[in-house]
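# Examination of the molecular architecture
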Amino acid sequence: MQEEKEFIQELLNPNTQNQAFERLLKEYQRPLYNHIRNIVLNHEDADDILQNTFIKVFQYLKNFKGESKLFSWMYRIATNEALTFLNQKVKKNGVSSETLQNKTIDNLKSDVYFDGNEIQIKLQKAIVSLPEKQQLVFKMKYFEELKYEEMSEILGTSVGALKASYHHAVKKIEAFVTTN
């Protein structure tokens, strides 16, 4: 934890800021991109949201109180940015969230950055059928292999509630996959 505090000081210090921010990008760019991509499913959108995430991290780092890990704080920003993006896209297109996500899944087949097969497309369709919170919890646990404690810090939800959400999500996905 002391090492993280020193790193944050490097990020805030104008003399060490550039090098520290390069380290931050190097360490967190890929996991944050993957997290965002799991939420929005589209490469270009994920790239844009990732840029916005790092802008906000840089902009608000001085307000970071250290009550959680830097990793958790950045994931929370990325999650909020991705969900806000999706909500704006839903409003702009005048469709439901599920309709928008199904359309995005249909477009995955032509996405050069998606290397999945039909089973993975079916899994994505099953995930879309879940409530938003269960989608998020399932993706963070299944795809990103985050621990419940990390998810709890990121989402501000108790470990017990997260375990229950994940359990319900798995049951619903199993039912979807076997009936479709």
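Notes on the structure in this doc start here. (Residues numbered from 1 in each chain as written. Predicted model: local features only at pLDDT ≥ 70, side-chain atom pairs only at ≥ 80, totals over all residues. Heavy atoms only, no water.)

### A look at the pattern of salt bridges
- This model, assessed by the stated rule, comprises four salt bridges.
- With its nearest N and O atoms 3.0 Å apart, the salt bridge here joins Glu10 to Arg23. Residue Glu10 is found in helix α1 (residues 2-12), and its partner Arg23 is found in helix α2 (residues 17-40); the two are separated by 13 residues along the sequence.
- A salt bridge links Lys56 to Glu81; the nearest nitrogen and oxygen atoms lie 2.6 Å apart. Within this pair, whereas Lys56 is found in helix α3 (residues 43-60), its partner Glu81 is found in helix α4 (residues 70-93), the two being separated by 25 residues in sequence.
- For Lys56, a relative accessible area of 32% translates into the label partly exposed.
- For Glu81, a relative accessible area of 15% puts it in the buried group. (Salt bridge = Lys/Arg side-chain N within 4 Å of Asp/Glu carboxyl O. Helix = DSSP H or I, 4+ residues; strand = E, 2+ residues; numbered from the N terminus. Buried < 20%, exposed > 50% of the residue type's maximum accessible area, 1.4 Å probe, protein only.)

### Here's the deal with the packing of aromatic side chains
- Going through the model one piece at a time under the given rule, you end up with nine aromatic pairs.
- Judged by centre distance (6.2 Å) and plane angle (80 degrees), the rings of Phe21 and Phe54 are edge-to-face. You can see Phe21 sitting in helix α2 and its partner Phe54 sitting in helix α3, a full 33 residues away along the chain. For the pair Phe21 and Phe54, a shared accessibility class is recorded, and that class is buried. (Phe/Tyr/Trp six-rings, centres within 6.5 Å; stacked < 30°, edge-to-face > 60°.)

### What to know about the side chain of Thr79
- With respect to the helices and strands, Thr79 occurs in helix α4.
- Look at Thr79 and you get buried, because its relative accessible area is 2%.
- Those residues within four positions of Thr79 in sequence are excluded, and the remaining contacts are His35, Ile39, Leu136, Ile154 and Leu155. (Contact = heavy atoms within 4.5 Å.)

### Quick word on the environment of Leu11
- Locating Leu11 in the fold gives a position in helix α1.
- Owing to a relative accessible area of 3%, Leu11 belongs among the buried residues under this scheme.
- Distance from Leu11 to Asn34, taken between C-alpha atoms, is 23 Å for residues 23 residues apart in sequence.

### As for the layout of surface pockets
- Looking at the second largest pocket, its volume works out to about 160 Å³.
- Residue lining of the second largest pocket: Ile39, Leu83, Leu86, Ser97, Glu98, Gln101, Val128, Leu130, Glu132, Gln135, Leu136 and Lys139, and that is the complete set.
- Those elements giving two or more residues to the lining of the second largest pocket turn out to be α4, α5 (97-108) and α7 (132-142).
- Among the elements that line the lining of the second largest pocket, the one with the most residues is α7, at four residues.
- Partitioning the lining of the second largest pocket into residue classes produces six nonpolar, three polar and three charged. (1 Å grid on protein atoms, 1.4 Å probe; cavity = no way out; pocket = protein on both sides within 12 Å on 5 of 7 lines; lining within 4 Å. Points joined across faces, edges and corners; volume = space filled by probe spheres on them. Nonpolar A, V, L, I, M, F, W, Y, C, P; charged D, E, K, R; others polar.)

### A few points about the packing of α1 against α2
- α2 packs onto α1 with a crossing angle of 125 degrees between their chain directions and a minimal axis gap of 7 Å. One way to sum up the angle between α1 and α2 is to call them oblique. Handedness of the α1/α2 crossing: left-handed. When α1 is examined against α2, the residues Phe7, Glu10, Leu11 and Leu12 are found in contact with a partner set consisting of Gln17, Ala20, Phe21, Arg23 and Leu24. (Axes fitted to C-alpha atoms, helices over the stretch in contact; angles between N-to-C directions. Parallel < 35°, antiparallel > 145°, perpendicular 65-115°, else oblique. Left-handed = near helix turned anticlockwise from the far one by under 90°.)

Taken by themselves, the reported measurements are silent on function.
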